[in-house]
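# Structure assessment
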There are 2 protein chains.
Amino acid sequence: MTGSRLDPWIDSYAARAMGMTASEIRALFAVASRPEVVSLAGGMPYVDALPMEAIADTVQRLLLTRGSVALQYGNGQGDQTLREQIGEVMAPVGVSAHPDDVVVTAGSQMALDLVTRVFCDPGDVVLVEAPSYVGALGVFRAYQVEVRHVAMDDNGLVPEALEEALAVCRAEGRRVKFIYTIPSYHNPAGVTQDQSRRERILAIAQNAGILILEDDPYGLLGFDGEVPQAIRAMDSESVVYLGSFSKTIAAGLRVGWAVAPHAVREKLVLAAEAATLCPSNFAQLTVSEYLRTQPWMDQVKAFRELYRERRDALLTGMQQLFPPSTTWTVPAGGFYSWVTLPDGIDATAMLPRAVSQLVAYVPGTGFYVDGQGRDSMRLSYCHPTADRISEGVRRLAGVIESELELIHTFGNAPVHLPPGPATPGPDLA
Amino acid sequence: MTGSRLDPWIDSYAARAMGMTASEIRALFAVASRPEVVSLAGGMPYVDALPMEAIADTVQRLLLTRGSVALQYGNGQGDQTLREQIGEVMAPVGVSAHPDDVVVTAGSQMALDLVTRVFCDPGDVVLVEAPSYVGALGVFRAYQVEVRHVAMDDNGLVPEALEEALAVCRAEGRRVKFIYTIPSYHNPAGVTQDQSRRERILAIAQNAGILILEDDPYGLLGFDGEVPQAIRAMDSESVVYLGSFSKTIAAGLRVGWAVAPHAVREKLVLAAEAATLCPSNFAQLTVSEYLRTQPWMDQVKAFRELYRERRDALLTGMQQLFPPSTTWTVPAGGFYSWVTLPDGIDATAMLPRAVSQLVAYVPGTGFYVDGQGRDSMRLSYCHPTADRISEGVRRLAGVIESELELIHTFGNAPVHLPPGPATPGPDLA
């Protein structure tokens, strides 16, 4: 047998597995999940706000009345009734889709995986925002896709930068398979494309004949009550739209979906069947019954209020306590603000000191494939209460001040980066 | 834009997507799911036998007491308590594994996908039984793996044939990544490896330094009360073991698992996180609570009795009614018998006529990658009642007799095969 004593199979892995190494920083995030730490790192929705008794009754009734369906295999595309209901859930963002063009997945993460599986050969290029969702970067890495970042501003993906990136790829003869974007309440950047920005991005993609992969887990979670219209609302043939119940109902159900042009949808279903046979009927019918019997949109509105209050606590705290040269984005919805630290501070190097001061965040480098983001961090306000957020910001402000003092006294020291992507596990990011 | 009017993205797909085409035979299986058809095609467990009220109460209690965990993201490897309980569930098949070496997945299909993702580059070879599980063949196709079939007999995978296949690959300089086997109550072949057969197969794999991927969804479902010991029970370093709650609890939960050598387990978790972030806490905690509070092994015993009675109905019917030159395997557990038809009958060509006579099965070709199996079919006895099975066999015997008469009168006509793999969707296969 070849291989080492530590791993007899080390010579047997696929090429794609070479990048699959755990990051040292994970241990740090494990510490950060201790209750005394204020975690501004996680992306966990505040499920305690859910009407737990109503959900418990819903599931109980479901099992008593349709248990033999809920506990059985389903079809690979997902439950027909749920796919119809997903049409209603997407109405506020302007997406109308026939149930035949909806594919239900085990969370929208799985939809990301399937779209990449169907479209991307190793070495293909995808264009993503700078910074981008860490879970998407993980998928692209798993399929050996070359990720190229495109600049953002306070209005999201910059059209001129997108055009330039496409021109560069064209000049290099590189195949761009799709543009991956989160137009609304971006994770991690906390910004939102306005309508004219969306139109320009779509026009650029259409002109280039490039698919847009629109990821929209937060679309209904805007704080001013207005719901941005999805790019998919303007074009059903050039856009694959991804939605999720993780933030509007519950992440633990793992129910998301993709809306795709007909031929693409067919491939997604076949890929999904290879991946998991079928989505869970138990979870799907729970969502379906919840949508049918509960005031789900009222619950979404309650989440909006809750997250707005927490965002305000974060913004107020940063305004009052962060050093003047710190900047951040002001999210109009969703879970995150993106913070740029004063010159010379390295967010990755600072993290262990922050955790020792009982506050955690995700360093910016995790949201890039190319080492950008050392001066940045993502702060989330979705899970801790407003009071805890204020306390977390106070601690973090102290850590930043200490870093600045160190820099003023000793100058910048070189930093040893931990290997691997600097991101927490899914229960934290 | 390139592409066609039917599919504007047709030139954009990955190479692996080229094989993703739906089979025409699917429409036939859709017809076969009508209630007047006796389906001996599906692999759906008989979930109506579950204690539905107890499960409904279990889930309700779970949500009321631990709803904020059940509805939240979990960790990528799966719930710690459930991983410990899986250790107990595997005790009867002789597998002892530390919870750290267990990875929970969305059904064991996902574990199949992850193992293949971690080990197989396009063009790598895997050795599988002839015939083999259609869902595994779908995964291997999705990763562009070259599948080579190895002969079986009534005692399962034939060691001499395995040695020969390995020798051929060695001579060709081809890399064999693993041997995929279902030792107990094989799907679709209905046979079981005895202990000495398992030992020989393991020894061959160890000598060749080749991993065994042991798929064991039916291991607890033997009809004589004896539980075959898993190959993994003999060697924890050369075997990845896959288990599932789909047949012992409920398929609709989509909870399965892999037990892997430590280094492999680490890669599986990272691959799983890219695929779905984490398994569903809702489903995992439901399983965990069910195992903790319900007499789950008594339920497994009830399933054994139920399926044995149905197997007996199938075997008795075939014995009484099938033409003498028909042969079949006698399953000692699980869901399936493999039937070889009289000379000249093509099971794929016969299927439309069977469905018109209101009985369905899966033609043998779906369980091979190379066109073998035209004279064979898989009959399942897991879902219809014994009476319905008897009726289904009666109808099927009539169809086979008619085929024989046609052949005697007109000889064999050439048959037009539908394109694509001849398999039903997951709710049927």
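Structure's up top.
The following paragraphs examine the structure supplied in this document. These figures come from a predicted structure and were not determined experimentally. (Residues numbered from 1 in each chain as written. Chains lettered and ligands numbered in written order. Predicted model: local features only at pLDDT ≥ 70, side-chain atom pairs only at ≥ 80, totals over all residues. Heavy atoms only, no water.)

### With respect to the pattern of salt bridges
Two side chains bearing opposite charge may form a pair once their charged atoms approach each other closely. All names here are of chain A. The condition that has to hold: By definition here, a salt bridge exists when the distance from a side-chain nitrogen of Lys or Arg to a carboxyl oxygen of Asp or Glu is within 4 Å. Think of it in three bands: residues with accessible area under 20% of the maximum for their type are buried, residues over 50% are exposed, and the middle band is partly exposed, with areas taken using a 1.4 Å probe on protein chains only.
One pass over the structure, following the stated rule, counts 36 salt bridges over all chains. With a shortest N-O distance of 2.8 Å, Arg-34 and Glu-36 are connected by a salt bridge. A relative accessible area of 36% places Glu-36 in the partly exposed class. In this structure, Glu-172 engages Arg-148 in a salt bridge whose closest nitrogen and oxygen atoms are separated by 2.7 Å.

### Focus: the interface of chain A and chain B
Quick reminder of the rule: Only heavy atoms enter the contact rule, under which two residues are in contact if any of them lie within 4.5 Å. Accessible area that two parts lose when put together, evaluated with a 1.4 Å probe and summed over both, is termed the buried area. Pairing of N or O atoms within 3.5 Å defines a polar contact, subject to two protein rules: one partner must be a possible hydrogen donor and the other a possible acceptor, and residues neighboring in sequence count only if both atoms are side-chain atoms. Put simply, DSSP marks the helices as runs of H or I at least four residues long and the strands as runs of E at least two long, and each gets a number from the N terminus on.
Taken together, the contact pairs 92 residues of chain A with 92 residues of chain B. When chain A packs against chain B, close to 7500 Å² is buried across both sides, 62% of that on carbon and sulfur atoms. Linking chain A with chain B are two salt bridges. Our enumeration of links across chain A and chain B arrives at 49 residue pairs in polar contact (both at pLDDT 80 or more). Residue assignment for the side of chain A that touches chain B shows that the elements contributing at least two residues are helix 2 (52-70), helix 4 (107-119), helix 5 (134-142), helix 8 (246-250), helix 9 (262-276) and helix 10 (281-293) of chain A. It is helix 2 of chain A that provides the largest number of residues to the side of chain A that touches chain B, a total of 12 residues.

### Some remarks on the relation of the copies chain A and chain B
Counted only if it meets this: In superposing the copies, a least-squares fit is computed on C-alpha atoms, taking residues whose pLDDT is at least 70 in both.
When chain A is brought onto chain B, the operation consists of a screw motion whose angular component is 180 degrees and whose axial shift is 0.0 Å, with 0.0 Å RMSD remaining. One copy is carried onto the other by what is essentially a two-fold rotation axis. For chain A, the smallest separation between a C-alpha atom and the rotation axis is recorded for Gln-60 of chain A, amounting to 2.9 Å. When you check the interface residues of chain A against chain B, 100% turn up at the interface there too, and the contact is symmetric in its surfaces.

### Topic: the nonpolar core
Defined as follows: Within this scheme, the nonpolar core is defined by two criteria: the residues are buried Ala, Val, Leu, Ile, Met, Phe, Trp, Tyr or Cys, and they are joined through side-chain atoms within 4.5 Å.
If you look at the biggest cluster of nonpolar residues, it comprises 275 residues, and the most contacted ones within it are Phe-140, Phe-322, Met-377 and Leu-396 of chain A together with Phe-140, Met-377 and Leu-396 of chain B. The next biggest cluster of nonpolar side chains, apart from the first, holds 20 residues, and it includes Leu-157, Ala-165, Ala-205 and Ile-212 of chain A.

### A short note on the state of the cysteines
What counts here: Criterion for a disulfide: a pair of cysteine sulfur atoms within 2.5 Å.
As enumerated under the stated definition, the model contains zero disulfides over all chains in all. In this structure Cys-169 of chain A is not part of a disulfide, and its nearest cysteine sulfur, from Cys-120 of chain A, lies 12 Å away. The class of Cys-169 of chain A is buried, set by a relative accessible area of 1%. Cysteine Cys-278 of chain A remains unbridged, with the sulfur of Cys-382 of chain B as its closest cysteine sulfur at 14 Å.

### So, the packing of helix 2 (residues 52-70) of chain B against helix 10 (residues 281-293) of chain B
Residue and element names in this part refer to chain B. Condition: In this analysis an axis means a line fitted to C-alpha atoms, helices contributing only their contacting stretch, and an angle means the value between N-to-C directions, from 0 to 180 degrees. Throughout this description, any angle smaller than 35 degrees is read as roughly parallel, any larger than 145 degrees as roughly antiparallel, any in the 65 to 115 degree range as roughly perpendicular, and the remainder as oblique. Two helices cross in a left-handed way if the nearer one is turned anticlockwise from the farther one by less than a right angle. They cross in a right-handed way if the turn is clockwise.
Running from N to C, helix 2 and helix 10 cross one another at 125 degrees; their axes reach a closest spacing of 9 Å. One finds that helix 2 runs oblique with respect to helix 10. Between helix 2 and helix 10 the crossing geometry is right-handed. Residue-level contacts link Ile-55, Thr-58, Val-59, Arg-61, Leu-62, Leu-63, Arg-66, Val-69 and Ala-70 of helix 2 to Asn-281, Phe-282, Leu-285, Thr-286, Glu-289, Tyr-290 and Thr-293 of helix 10.

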